Amino acid sequence: MKITCQRESLTSAFGLAASIAPTRSPKEILQNVKITATGGRLTLTATDLDVGIRLEVQEGVEIETEGSALLPVQRTMGILRESNDEKLTIETDDTGIRITGSRSKFRLPGSNPDEFPSVAEFHEDKYHVLPTRLFREMVKRTVFATDAESSRYALGGVLLEMEESSVIAVGTDGRRLAKMEGTGEAQGGHQTTGTSTIVPTRAIQLMERALSDKDDAVDVAARANDLLLRTPRAVIYSRLVEGRYPNWRQVFPTRENAVQIDMTVGPLFAALRQAAIVTDHESRGIDFTFGDGTLKLEASTAEIGESQVELPIGYDGEVITLTMDNRYLADFCKVLDNESSFVMEVESSSSPALLTTDDGYSYVIMPMARDR
Amino acid sequence: MILHVDMDAFYASVEERERPEFVGRPVVVGGTPEGRGVVAAANYAARKFGIHSAIPTATALRLCPGLIVLPVRMSYYAEVSRQMHDIFFRYTPLVEPLSLDEAFLDVTGCQSLFGKAEQIAIRIKQEIKQQTSLVASVGVAPNKFLAKIASDLQKPDGLVVVRPDEIQSFLDPLPVGRLWGVGKVTGGRLDQLGIHTIEQLRGLPVETLRQNFGSQGEHFWKLSRGIDDRAVVPDREAKSISHETTFATDIVDKDVLRARLSELTEQVMRRLRRQKKQARTVHLKIRLANFRIITRSRTLPNPTDVTAEVWQAGKELLDNAISAGHLHLRLVGVGVSNFGDGSDSRLVQQSLFDEDDQERQEHAKQRKLDSVADAVRDKFGSTSLSKGNSRLQSRAEDRKA
């Protein structure tokens, strides 16, 4: 194989592929990115066996001799980063790989590319087409609520439910739950079954990172045990999380008599950060008292201190207090713009708070309660 | 009965243990003579030269030019000290540590469980020797004051027992300097009065003592009669509880290892519950055949005193820590820390899903189970109840035999 390519475009593609290759693995071959030059195209593949990526570099590639090679992740990345050549030539021979710039030459050992595990291609005719922006928001707004440490493995991923034009992503750790809804377009009658399409947190984050806002849409195909995502340049494969996802619909609040209060992210987040100054790792609860046109945030931690912060709200009905973990509310504020408005729905000290935006995002926080 | 356990030349002995080439040679632990440091501890070989703790290192070097001076490694001694305390706690919860190397133990309530106080003292000495390769002197007496004197009488490696009917014959011949509170000044005054032994002191009326020594006088009057009713105050400020065990031969069977860990967890949790505490962080410690130590810890979502919950975490830590490659272990230990007061009402994060309710019910059930198990063990001894898998260990020992 012998190719010449523009360093910059190769670097960004290689970097993305490299982020999937495991840094440590008993299977050393996985610490490579495989490049394949064939039919006028250069394809990069990398996998840790749970997640795989297949990327195409279209710009600035000249293929002199077709073939493939395994590029060791760390060293190749170093060369790409440190070189200041506009173009680099990569070729293979019997002894290994040669990377050549105008005034530099590198030799790296080459393993047999045929031994590299194959990374799935996107051949599906049933899939959903989602706006790229929507997919990115869905990931960003749900992934933080997942719990990779949970003994219930299913909570270590984002649940995707796709049927006809409805697309729903859910992330929960069992104490709070984030849900983002949007519209997509089903191709070939594609739909997910029940709550079985759970994409591991790490994989869906990698997918989000691989997307470019330049692309309008992504294709997502859920299969029995894995999920494929396609953009114009890349295909990412992920195994799904095995395990039963809890029945999130059952616990999602649908209340008629709860109080709904209009709020804006910025001021609430600012008040929350102030009140949270006297919380710590052990004591994270903040009392939220709604009433008399005011939301009062109060925290008190032994040996640290007390705080009380007030925020005007449009509610002067019966006083409602509930205690929430300050981090859970902060997580919600962090994924939204300061100007975003939302509705805070509360009912009592023992029932969850429901926060909703008008662009399909909902967030449920279970309160804290005195025990024993 | 009270035990006073006092390690012999503790810091220096720990260093000697680590560096066998120093055994028998004069060794002190302390600051450098350049830094005008002082001796923190001297081994017995160094003491022969008149070196003792608190003298300047420079002076010590003058007394013994070949003296080996080692830096003080306090955190390491503290770790060894914890191992000793763990041994004490196997016998009684009433342990009052005085410093890293000495402690009072009240074994009055556990003699029916472990045998007479003297037996317990022997066993503790043996276990310390086995597990830390260090030597302790133990005094056994009806109270703290007598136990402390007793432990000092036959150092090193001493064991002195003062039975209730021997108190006077034990005290009488001793010099008055042995009494708590008798230092240079008081000693000098007593000397002027012609009082040298405790027996002579005991001959003085309490009024005379009061006249000469004020309120201290009555204190001396009592001590000379072996009267001391201060209780052993256990150290409730402990920041962690842990147990560990070193295997006679390296363990290679994961099931046996788990069984041992399960037992250790049981012991740790029993102590935790006895102190009415709850812990949030679980620690695992293993030492590989090549002496490398691996420690892992995990913080639970809520504080707990339930054996099964800590065991679950410990088991997972163990599984993660040992890959099949290096399952040759010399030691395994488990501990808990990050205590909360179990009696306090506290804020608990509520859960969205029923499964968590099941968890809560399970938690309540396990707590009940633990309290029953504790009651059985308190009544019939710690070996009266054991998990099925602990039989694995005895099978392994049979093999060894």
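Preceding block: the structure.
Because the structure is a prediction, the values reported are computed rather than measured. (Residues numbered from 1 in each chain as written. Chains lettered and ligands numbered in written order. Predicted model: local features only at pLDDT ≥ 70, side-chain atom pairs only at ≥ 80, totals over all residues. Heavy atoms only, no water.)

1. Section: the overall build of chain A
Applicable threshold: A run of H or I in DSSP becomes a helix once it reaches four residues, and a run of E becomes a strand once it reaches two; helices and strands are each numbered from the N terminus. Only protein chains enter the accessibility calculation, which uses a 1.4 Å probe; a residue is then buried when its area is under 20% of its type maximum, exposed when over 50%, and partly exposed in between. In this analysis, two residues are considered to be in contact whenever any of their non-hydrogen atoms come within 4.5 Å of each other. In short, Shrake-Rupley with a 1.4 Å probe defines the accessible areas, and a residue's cover is counted only from the protein chains shown.
Summing up its helical and strand segments, chain A has seven helices and 27 strands in all. A total of 372 residues make up chain A; the buried ones form 55% of that total. Long-range contacts, defined as pairs at least 24 residues apart, comprise 68% of the intrachain contacts of chain A with a sequence gap of at least 6. Carbon together with sulfur atoms contributes 42% to the accessible area of chain A, which is approximately 17,700 Å² in total.

2. A word on the interface of chain A and chain B
Note the threshold: Two parts placed together each lose some accessible area under a 1.4 Å probe, and adding up what both lose gives the buried area. Only one rule defines a salt bridge in this text: a Lys or Arg side-chain nitrogen within 4 Å of an Asp or Glu carboxyl oxygen. Polar contacts here mean pairs of N or O atoms no more than 3.5 Å apart (in protein, one a potential hydrogen donor and the other a potential acceptor; neighbouring residues in sequence count only if both atoms are side-chain atoms). We call Asp, Glu, Lys and Arg charged. Ala, Val, Leu, Ile, Met, Phe, Trp, Tyr, Cys and Pro are nonpolar, and the rest, Gly among them, are polar.
In this complex, chain A contributes 25 residues to the contact, which on the side of chain B involves 18 residues. Both sides of the chain A and chain B interface together cover about 2,100 Å² of buried area, and 50% of this is carbon and sulfur. On inspection of chain A and its partner chain B, the count reaches zero salt bridges. Taken together, the connections running from chain A to chain B amount to four residue pairs in polar contact (both at pLDDT 80 or more). Here the element with the most residues in the side of chain A that touches chain B is strand β27 (residues 368-371) of chain A; it accounts for four residues. Classifying every residue of the side of chain A that touches chain B gives ten nonpolar, six polar and nine charged.

3. Examining the side chain of Ser-340 of chain A
Turning to its location among the elements, Ser-340 of chain A is positioned in the loop between α7 (326-334) and β24 (341-346). Excluding anything up to four places from it in sequence, Ser-340 of chain A contacts Met-263, Thr-264 and Val-265 of chain A.

4. Some remarks on the environment of Phe-145 of chain B
Residue and element names in this part refer to chain B. Within the secondary structure layout, Phe-145 lies in helix α7 (residues 144-153). On the basis of relative accessible area, Phe-145 is assigned to the buried category, the value being 1%. C-alpha separation for the pair Phe-145 and Ile-227, spaced 82 residues apart in sequence, amounts to 8.2 Å. Setting aside residues no more than four positions away along its own chain, Phe-145 makes contact with Leu-171, Arg-178, Leu-179, Trp-180, Leu-223, Gly-226, Asp-228 and Arg-230.

5. Quick notes on unusual backbone geometry
In this chain, Lys-155 of chain B is followed by Pro-156 of chain B through a cis amide linkage whose omega measures -10°. Relative to the helices and strands, Pro-156 of chain B is located in the loop between α7 and β8 (159-161). Here Asp-292 of chain A, not a glycine, exhibits a phi torsion of approximately 55°, which is positive. Here the phi dihedral of Glu-303 of chain A falls at roughly 70°; this positive angle occurs in a residue that is not glycine. Relative to the helices and strands, Glu-303 of chain A resides in the loop between β21 (294-301) and β22 (305-312).

6. Some remarks on the pattern of salt bridges
Taken as a whole, this structure holds 51 salt bridges over all chains when the rule is applied. Salt bridges linked by common partners bring Asp-147, Asp-173, Arg-175, Arg-176, Asp-331 and Lys-334 of chain A together as one network.

7. Brief notes about the sheet that holds strand β4 (residues 68-70) of chain B
Residue and element names in this part refer to chain B. Applied cut-off: Between any two strands, pairing holds if DSSP finds at least two bridges. In this analysis an axis means a line fitted to C-alpha atoms, helices contributing only their contacting stretch, and an angle means the value between N-to-C directions, from 0 to 180 degrees.
Judged by pairing direction, the sheet is mixed, and its three strands sit side by side in the order β3-β2-β4 without closing on themselves. The sheet is open, and its two borders are formed by β3 (39-42) and β4, each paired with just one other strand. Each adjacent strand pair in this sheet contributes to an overall mean axis angle of 30°, direction not counted. One ladder, built from three bridges, connects strand β2 (residues 27-30) with β3; its direction is antiparallel. Considered in β3, the bridge of Gly-30 is made with Val-39.

8. Focus on the pairing of strand β25 (residues 353-356) of chain A
Residues and elements named next belong to chain A. Bridge count between β24 and β25: three bridges; the pairing is antiparallel. Each residue of the ladder has a partner; that of Met-344, found in β25, is Leu-355. The hairpin formed by β24 and β25 contains six residues between the paired strands. Two strands pair when backbone bridges link them, and β25 and strand β26 (residues 361-365) are joined in this way by four bridges, in the antiparallel orientation. Bridging across to β26, Leu-355 finds its partner in Tyr-363. Here β25 folds back onto β26 in antiparallel fashion, the turn holding four residues, of which Gly-360 has a positive phi close to 90°.

9. Brief notes about the nonpolar core
Formally: Within this scheme, the nonpolar core is defined by two criteria: the residues are buried Ala, Val, Leu, Ile, Met, Phe, Trp, Tyr or Cys, and they are joined through side-chain atoms within 4.5 Å.
Within the largest apolar cluster, 101 residues are counted, with the highest numbers of intra-cluster contacts made by Leu-44, Phe-135 and Phe-290 of chain A. Among residues more than four places away in sequence, those in contact with Phe-290 of chain A are Ile-261, Leu-295, Ile-313, Tyr-315, Glu-318, Val-319, Ile-320, Leu-322, Met-344 and Val-346 of chain A. Counting 33 residues, the second-largest nonpolar core is a separate cluster that includes Tyr-91, Leu-105, Ala-117 and Ile-120 of chain B.

10. Focus: the packing of aromatic side chains
Aromatic rings in a pair are described by how distant their centres are and how their planes are angled relative to each other. In plain terms, the rule: Each pair of aromatic rings taken from Phe, Tyr and Trp, with Trp reduced to its six-membered ring, is defined by centres within 6.5 Å and is described as stacked if the planes are under 30 degrees apart, edge-to-face if over 60, and tilted in the remaining cases. The criterion for a charge sitting over a ring is simple: Lys NZ or Arg CZ within 6 Å of the ring centre, and within 35 degrees of the ring normal.
Counted under the stated rule, the structure contains eleven aromatic pairs over all chains. Pairing Phe-332 of chain A with Tyr-363 of chain A gives two aromatic rings, centres 5.4 Å apart and planes at 15°, and the pair type is stacked. Here Phe-332 of chain A, found in helix α7, pairs with Tyr-363 of chain A, found in strand β26; they are 31 residues apart in sequence, far enough to count as distant. Measuring from ring centre to ring centre gives 4.8 Å for Tyr-91 of chain B and Phe-114 of chain B, while their planes differ by 65°; the resulting arrangement is edge-to-face. Taken together, the residues Tyr-91 of chain B in helix α4 (residues 74-91) and Phe-114 of chain B in helix α5 (residues 111-114) connect sequence positions 23 residues apart. Its relative accessible area of 4% is what places Tyr-91 of chain B among the buried residues. Note on Phe-114 of chain B: relative accessible area 14%, which makes it buried. Taken together, the aromatic side chains of Phe-144, Phe-332, Phe-342, Tyr-361 and Tyr-363 of chain A make up a single cluster linked through ring pairs. One cation-aromatic arrangement involves Arg-273 of chain A over Phe-269 of chain A; the distance from NZ or CZ to the ring centre is 4.5 Å. Lying across the ring of Tyr-44 of chain B, Arg-47 of chain B places its NZ or CZ 4.5 Å from the centre.

11. Section: the packing of helix α1 (residues 7-18) of chain A against helix α2 (residues 73-82) of chain A
Relative placement of two packed helices is described by the angle separating their axes and the distance separating the axes. All names here are of chain A. Here is the rule we go by: Roughly parallel covers angles under 35 degrees, roughly antiparallel covers those over 145, roughly perpendicular covers 65 to 115, and oblique covers all other angles. By convention, the crossing between two helices is left-handed when the near helix turns anticlockwise from the far helix through less than a right angle, and right-handed when the turn is clockwise.
The geometry of α1 relative to α2 is characterised by a closest axis approach of 10 Å and an angle of 150° between their N-to-C directions. Of the possible angle classes, the one that applies to α1 and α2 is roughly antiparallel. α1 and α2 meet at a crossing whose hand is left-handed. Contacts from Arg-7, Leu-10, Thr-11, Phe-14, Gly-15 and Ala-18 in α1 reach Val-73, Thr-76, Met-77, Leu-80 and Arg-81 in α2.

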